[in-house]
Amino acid sequence: MTFSALVEETIAAVVTAVAPGQGGVAIVRISGSLAEKVVRKVVSVPGKQVWASHHVLYGYVVDETSEERIDEVLLVLMKSPRSFTGEDVVEIHCHGGLILVQRVLDLVLAQPGVRRALPGEFSQRAVLNGRIDLTRAEAVNDLISARSKRAAQLAMAGLDGGIEERISLLRQRLLDQLSELDARVDFEDELPYLNTSDVLNELESVRSSLLKLVEDYRRSLIYRNGLCVALIGRPNVGKSSLLNLLSGRQRAIVTDLPGTTRDILESAIILGDVPITLIDTAGIHATENSIERIGIDRSFEVLKGADVVLLVFDLENGWTKADAELLNQIPSEIPRLLIGNKADLQKTSMKKAITSKDQEVSHPDVCISALTGEGEQNLIKAVIKAVDATEGEGCVVALNERQVDLALVAVKALERVSEVGEQKLPWDFWTIDLRHAIRSLGEITGEDVTEAVLDRIFSRFCIGK
Ligand SMILES: Nc1nc2c(ncn2[C@@H]2O[C@H](COP(=O)(O)OP(=O)(O)OP(=O)(O)O)[C@@H](O)[C@H]2O)c(=O)[nH]1
Ligand SMILES: [Mg+2]
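Residues numbered from 1 in each chain as written. Chains lettered and ligands numbered in written order. Predicted model: local features only at pLDDT ≥ 70, side-chain atom pairs only at ≥ 80, totals over all residues. Heavy atoms only, no water.

### Concerning the overall build of the chain
The number of helices and strands found in the chain is 16 helices and 13 strands. The C-alpha radius of gyration computed for the chain amounts to 30 Å, which surpasses the reference 23 Å derived for 465 residues by more than 25%, pointing to a less compact arrangement than a globule. In terms of overall dimensions, the chain has a C-alpha envelope of 80 × 80 × 35 Å along the principal axes. The burial tally for the chain puts 50% of its 465 residues in the buried class. Within the chain, contacts between residues at least 6 apart in sequence are counted, and of these 68% link residues at least 24 apart. For the chain, the accessible area works out to roughly 22600 Å², and carbon and sulfur atoms hold 52% of it. Positive and negative side-chain charges of the chain, numbering 52 and 68 respectively, have mean locations separated by a distance of 5 Å. (Helix = DSSP H or I, 4+ residues; strand = E, 2+ residues; numbered from the N terminus. Rg over C-alpha atoms; globule rule 2.2 N^0.38 Å. Buried < 20%, exposed > 50% of the residue type's maximum accessible area, 1.4 Å probe, protein only. Contact = heavy atoms within 4.5 Å. Areas by Shrake-Rupley, 256 points an atom, 1.4 Å probe, with all protein chains shown as cover. Lys, Arg positive; Asp, Glu negative; His and termini not counted. Charge placed at Lys NZ, Arg CZ, Asp CG, Glu CD.)

And the structure:
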């Protein structure tokens, strides 16, 4: 289907999250030239309310055939071009939940000339109609899926135009250089002398700005994707109790019997702005029990995939040889913290932890009591420090993966221009790679992008975005 065929159609979808029994309000959005006509058919608006743009109307969704009143709703009409998509948009604010909003949407979709919106289609239309650039549309998506406050702040910076402005500026600087070079290709003799080192310095400066953005992206990943933190230790040291403490709820079963946890248990939490998947595992020790054995094998799998390992040991018993053996099994590249638990039971905890009966020596990084909560803040600080999460604090904007890939293509192309420059090749050799770099930056903002690429980007969005 061609793009022009697509925009002629009016589209509709539920734009709020849909969950059974949840959400006081749900919104059906209709966008396209038929939006108002369709809604007038589906919603009965009593009294003398005016269908004016950017006003709220009140009415009932009525099933034409049965004359059944389906819901009591509010309508917001936004006439083109002052809407999210730039087209005529009407939003029907229905009551929440699952069934009702689907019935309203079905009635809308039953009207001639309307079809269900494709994933990301509202955003795609917003970009195609020039309401927002591509980086802002992607930022909306990032904002919605942000898992931490910091990730949301970074996405908001993108929505404010932080990425578009930076990339457009760099692209413009490259365009300025390109026009100088292009002019020399045709009219070298008629133009003033062009200092190649000035050109190369300018290209190098753009290249290093791009690399800085790539670096910031890497540092911001932790806030967006989060971390996988595994609780590992011998049976009964209090791993499940720690998971419960940090999750703020009784997620895992805790008993005084060693070998309580048999399976892997995950809990999604936020620690110091970082989204964390905390994983409780089966206590590791030698056992004949086949079920426990499977659990322990799984503990080792989790251990290998973790971003941080919290090796928990029991301060009451002190650091033992078995704890030391376990410590040795943690792959050296994974950051680990030694967590001495049950601090409440052991008043001389530090001393005893340092020298245990097995004469193994180790210092706990954090002493904690999963029972009383003592030491919890220290544990959080230590985890954040272990993964260098604080280094992402200085990021002002953060590109996404697609944008970073393109920035790196531009970086490589600029490196090739430098090589060509150093070899003192003719101007037209310079311009090939420079154009390539400019095109890549244009693809970030959407200024230089094909329909097929846009389709691919937006198909990764959800329906209703
Ligand atoms: N006094 C005290 N008891 C604790 C503390 N943490 C855990 N316990 C107790 O220690 C016992 C074992 O706790 P769990 O959390 O089930 O230990 P676990 O490491 O998950 O054990 P497995 O699942 O068997 O590997 C329970 O009786 C807990 O109540 C603590 O900080 N202080
Ligand atoms: Mg357990």
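Following the structure, the description resumes.
### A short note on the sheet that holds strand E13 (residues 366-367)
Strand order in the open sheet formed by six strands is E9-E10-E8-E11-E12-E13, with mixed pairing between adjacent strands. With one partner strand each, in any of the chains shown, strand E9 (265-271) and E13 form the two edges of the open sheet. Against the sheet, helix H13 (residues 376-386) makes contact with strand E8 (227-233), E9, strand E10 (274-280), strand E11 (308-314), strand E12 (336-341) and E13, and its axis sits at roughly 170 degrees relative to E12, the strand it touches most. (Pairing = 2+ DSSP bridges. Axes fitted to C-alpha atoms, helices over the stretch in contact; angles between N-to-C directions.)

### Quick word on the packing of helix H9 (residues 239-247) against H13
Running from N to C, H9 and H13 point in directions that differ by 90 degrees, and their axes come no closer than 11 Å. Taken as axis vectors, H9 and H13 run roughly perpendicular relative to one another. Contacts between H9 and H13 pair Leu-242, Leu-245 and Leu-246 from the former with Glu-376, Leu-379 and Ile-380 from the latter. (Parallel < 35°, antiparallel > 145°, perpendicular 65-115°, else oblique.)

### Quick notes on the nonpolar core
Nonpolar side chains in soluble globular proteins tend to be buried together. Leu-174, Leu-210, Leu-414, Trp-430, Leu-434 and Leu-441 are the most contacted members of the largest nonpolar core, which totals 34 residues. Of all the secondary-structure elements, those providing two or more residues to this core are helix H7 (162-187), helix H8 (196-225), helix H14 (401-422) and helix H15 (427-445). Considering every element that reaches this core, the biggest residue donor is H14, with nine residues. Excluding anything up to four places from it in sequence, Leu-210 contacts Ile-167, Leu-170, Ala-407, Ala-410, Val-411, Leu-414 and Leu-441. (Core = buried A, V, L, I, M, F, W, Y, C linked by side-chain atoms within 4.5 Å.)

### Some details on a nonpolar patch on the surface
The grouping of Val-18, Leu-98 and Ile-99 at the surface amounts to a nonpolar patch, some 260 Å² of accessible area in total. With respect to the helices and strands, Ile-99 occurs in helix H3 (residues 99-109). (Patch = residues over 30% accessible without salt bridge, like charges linked within 9 Å, V, L, I, M, F, W, Y side chains within 5 Å. Salt bridge = Lys/Arg side-chain N within 4 Å of Asp/Glu carboxyl O.)

### Some thoughts on the packing of aromatic side chains
For the coordinates displayed, the defined rule picks out four aromatic pairs. Relative to Trp-319, the ring of Phe-313 lies with its centre 5.0 Å away and its plane at 85 degrees, an arrangement referred to as edge-to-face. Trp-319 carries the same exposure label as Phe-313, and that label is buried. Note on Phe-458 and Phe-461: the rings are 5.0 Å apart at their centroids and 55 degrees apart in plane angle, and the pair reads as tilted. (Phe/Tyr/Trp six-rings, centres within 6.5 Å; stacked < 30°, edge-to-face > 60°.)

### Here we look at the site of ligand 1
Looking at ligand 1, there are 23 residues lining it, with Lys-239, Ser-241, Gly-259, Thr-261 and Asp-344 nearest. Thr-255 places a polar main-chain atom, nitrogen or oxygen, 3.4 Å from an oxygen atom of ligand 1. Between ligand 1 and Ser-369 there is a distance of 3.3 Å, counted from an oxygen atom to a side-chain nitrogen or oxygen. Given that more than half its atoms are within 2 Å of the pocket grid, ligand 1 belongs to the second largest pocket. The leading source of residues in the shell around ligand 1 is H9, at three residues. (Near = heavy atom within 4 Å. Polar contact = N/O pair within 3.5 Å; in protein donor to acceptor, adjacent residues only side chain to side chain. 1 Å grid on protein atoms, 1.4 Å probe; cavity = no way out; pocket = protein on both sides within 12 Å on 5 of 7 lines; lining within 4 Å. Sits in = over half its atoms within 2 Å of the grid points.)

### A short note on the coordination of the magnesium ion (ligand 2)
Taken together, Ser-240 (OG) and Thr-261 (OG1) make up the full set of protein donors to the magnesium ion (ligand 2), lying 2.0 Å away. Here the residue Ser-240 occupies a position in helix H9, and Thr-261 occupies one in the loop between H9 and E9, the gap between them amounting to 21 residues. The burial state of Ser-240 is the same as that of Thr-261; both residues are buried. (Donors = N, O, S within 2.8 Å, 3.2 Å for Na, K, Ca; no water.)

### Some points on the domain arrangement of the chain
Each assigned domain of the chain is listed here: domain 1 (3-130), domain 2 (144-221 + 397-459) and domain 3 (227-393). The distance between the C-alpha centroids of domain 1 and domain 3 comes to 51 Å. (Domains from an automatic or database assignment.)

### Topic: the packing of H7 against H8
Where H7 contacts H8, the axes come no closer than 10 Å and their chain directions differ by 160 degrees. In terms of their interaxial angle, H7 and H8 are classed as roughly antiparallel. Seen from above, H7 lies across H8 with left-handed handedness. Across the interface between the two elements, Arg-166, Ile-167, Leu-170, Arg-173, Leu-174 and Gln-177 of H7 pack against Val-199, Glu-202, Leu-203, Ser-205, Val-206, Ser-209, Leu-210 and Leu-213 of H8. Classifying every residue of the contact of H7 with H8 gives eight nonpolar, three polar and three charged. (Left-handed = near helix turned anticlockwise from the far one by under 90°. Nonpolar A, V, L, I, M, F, W, Y, C, P; charged D, E, K, R; others polar.)

### A short note on the side chain of Ser-148
Mapping Ser-148 onto the fold places it in the loop between helix H5 (134-145) and helix H6 (149-159). Owing to a relative accessible area of 6%, Ser-148 belongs among the buried residues under this scheme. In this structure the side chain of Ser-148 is engaged in a polar contact, spanning 3.0 Å, whose partner is the backbone oxygen of Asp-273. The contact partners of Ser-148, leaving out residues within four places of it in the chain, are Tyr-223, Ile-270, Asp-273 and Pro-275.

### Focus on the side chain of Glu-138
Along the polypeptide, Glu-138 turns up in helix H5. Within the structure, the side chain of Glu-138 is placed 3.1 Å from the side chain of Asn-400, a separation counted as a polar contact. Setting aside residues up to four positions removed in sequence, Glu-138 forms contacts with Asn-400, Arg-402, Gln-403, Ile-444, Ile-457 and Phe-461.

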